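# Close look at the chain arrangement
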Amino acid sequence: MDKNRLERWKATGIVALANCNLKAIPDEVWDCGSSARVLDVNNNSIQDVPNKISCLNSIQKLFLNANGISDEAIHWEGLTSLKYLTVLSISQNHLTTLPSELGSLASLRQHHVANNKLTSLPNEIGILTQLEVLKANNNRITTVPDCIGKCISLIEVELSANLLSELPETFGNLHNLKALYLSNNGLKCVPSTLFKECLELATLDLHNTEITMDVLRQFEGWEDFDERRRSKHQKQLDFRVESSAAFDEGADKN
C-alpha cells in the first residue's frame, strides 16, 4: 500500500484512479471512509463495484465510465446507501438495465448513462426530484416512462441516438428544462405541451428525426420558443470566432 497516496486521498477527498489499468477498486480506497468526496475510476477494466462502496458514506461524485461494466458487476445495495451522491456517471459500459434501486439516490443531480445498451429507464427515476441532468444518449431505449415528468428539477435531457418513437406528454411538467436533445430517433412528434409549458427551453435538437418545422410551428408556444432559441444562439455567436454561416444551431429543421 502506498501510504502517501492514501493520506493524500484523505486530505483532498479526491480518489483519482482514472487510466490506471485497474481490474478492481484497490482495497485502500475503502480505507478512506468518510473522507472521500470523489471517486474517479474512469477508463479502467473494473468488473466489480462491491457492496463495500457503502463505506464511502460521504461521497458526492462517482465516476465509473468506460470500464466494460455489466449489469451484475454493480452491487446497487451498496450504492443506494450513498445519501450524499450528486453525480453518478456510468457511461460507456455494457449495462442493459437500471434497477429500481436508482430511485433511492435522493440527492442525485446528474446521472450519466450514455453509450450503454439500455432499452428503458426505470419508473423509479421519477423519485429523483433533484435530478438536473440526465444523459442517456446512444442506447437502445424505446420508451421513456411517464414519471419522467416528476423530475421537476431537470434542466438538460440528452436522449439522442436511441430507438424512441414518441415521448410522454408529461415532459410538459419539466418547467425548468432548458435543453432537450433528441436527434437520431424515430420521433414523428414532440409532446403537445412542450413549448407551451417548458418556458425555459431554448435548445431542442431534432436532427435526423421525422419531425418537420411545419409540424413544430403548429404547436402552441412555438413562437416564444423560437425567439428564445434564436436569442440564445445569437449570444453564443457573439463569442465565436468563426462566421455565423459555419454555426449549426442544433435546433433547426430547415
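Conventions adopted
Residues numbered from 1 in each chain as written. Predicted model: local features only at pLDDT ≥ 70, side-chain atom pairs only at ≥ 80, totals over all residues. Heavy atoms only, no water. Helix = DSSP H or I, 4+ residues; strand = E, 2+ residues; numbered from the N terminus. Rg over C-alpha atoms; globule rule 2.2 N^0.38 Å. Buried < 20%, exposed > 50% of the residue type's maximum accessible area, 1.4 Å probe, protein only. Contact = heavy atoms within 4.5 Å. Lys, Arg positive; Asp, Glu negative; His and termini not counted. Charge placed at Lys NZ, Arg CZ, Asp CG, Glu CD. Salt bridge = Lys/Arg side-chain N within 4 Å of Asp/Glu carboxyl O. Core = buried A, V, L, I, M, F, W, Y, C linked by side-chain atoms within 4.5 Å. Phe/Tyr/Trp six-rings, centres within 6.5 Å; stacked < 30°, edge-to-face > 60°. Pairing = 2+ DSSP bridges. Axes fitted to C-alpha atoms, helices over the stretch in contact; angles between N-to-C directions. Polar contact = N/O pair within 3.5 Å; in protein donor to acceptor, adjacent residues only side chain to side chain.

### Overview of the overall build of the chain
Within the chain, the regular secondary structure consists of six helices and nine strands. By the compact-globule yardstick of 18 Å for 254 residues, the chain fits well, its C-alpha radius of gyration being 20 Å. Overall, the C-alpha framework of the chain stretches about 65 × 40 × 25 Å when taken along its three principal axes. Looking at the 254 residues of the chain, the share that counts as buried comes to 49%. Long-range pairs, those at least 24 residues apart, make up 41% of the contacts in the chain with a sequence separation of at least 6. Taking the 25 positively charged and 33 negatively charged side chains of the chain as two groups, their mean positions are separated by 5 Å.

### Thoughts on the pattern of salt bridges
Think of it this way: side chains of opposite charge can pair up when their charged atoms draw near. Scanning the entire structure with this criterion turns up eight salt bridges. Arg229 is the salt-bridge partner of Asp226, the closest N and O atoms lying 2.6 Å from each other. Here Asp226 pairs with Arg229, and both are found in helix 6 (residues 222–238), just three residues apart, close to one helical turn. Taken individually, Asp226 and Arg229 each receive the classification buried, so the pair is uniform in this respect. Through salt bridges with shared partners, a single network forms among Asp226, Arg229 and Arg230.

### Some points on the side chain of Thr203
On the secondary structure map, Thr203 appears in strand 9 (residues 203–205). Every residue in contact with Thr203, bar those within four places of it in the chain, is listed here: Lys178, Ala179, Leu180, Tyr181, Phe225, Lys232 and His233.

### Details of unusual backbone geometry
Of note, the phi angle at Asn115 is positive, near 55 degrees, even though the residue is not glycine. Here Asn115 shows up in the loop between strand 5 (110–112) and strand 6 (133–135). In this structure, Ala161 takes a positive phi of about 55 degrees despite not being glycine.

### Notes on the nonpolar core
In this structure, Phe171 and Phe195 are the most contacted members of the largest nonpolar core, which totals 70 residues. Listing elements by their share of this core, those giving two or more residues are helix 1 (3–12), helix 2 (27–30), helix 3 (76–79), helix 4 (194–197), helix 5 (213–216) and helix 6.

### Here we look at the packing of aromatic side chains
The tally for this structure, following the rule as stated, stands at four aromatic pairs. Seen in terms of ring centroids, Phe195 and Trp222 are 5.4 Å apart; in terms of plane orientation they differ by 75 degrees. Their pairing is edge-to-face. Note that Phe195 is positioned in helix 4 and Trp222 in helix 6, a separation of 27 residues in sequence. As far as burial versus exposure is concerned, Phe195 and Trp222 are alike and both buried. These aromatic residues form a ring-pair network of at least three members: Phe195, Phe219, Trp222 and Phe225.

### Here we look at the sheet that holds strand 3 (residues 61–63)
Across the sheet, nine strands lie side by side as 1-2-3-4-5-6-7-8-9; this open sheet has parallel pairing. Strands at the two margins of the open sheet, each flanked by one partner only, are strand 1 (14–16) and strand 9. Averaged over all pairs of adjacent strands, the angle between strand axes in this sheet comes to 5 degrees, irrespective of strand direction. Examined bridge by bridge, strand 2 (residues 38–40) and strand 3 share three bridges and lie parallel to one another. Its bridge partner lying in strand 3, Leu39 is registered against Leu62.

### Description of the side chain of Asn44
Relative to the helices and strands, Asn44 resides in the loop between strand 2 and strand 3. According to the relative accessible area criterion, Asn44 is buried, its value standing at 7%. At 2.9 Å, the side chain of Asn44 forms a polar contact with the backbone nitrogen of Asn21. Excluding residues that lie within four positions of it along the chain, Asn44 makes contacts with Leu17, Ala18, Asn19, Cys20, Asn21, Leu22, Ala66 and Asn67.

### Here's the deal with the environment of Ile53
Structurally, the position occupied by Ile53 is in the loop between strand 2 and strand 3. In this structure, the C-alpha to C-alpha distance between Ile53 and Asp205, residues 152 residues apart in sequence, is 37 Å. Discounting residues that sit within four places of it in the chain, Ile53 has contacts with Trp30, Leu39, Leu62, Gly78, Leu79 and Leu82.

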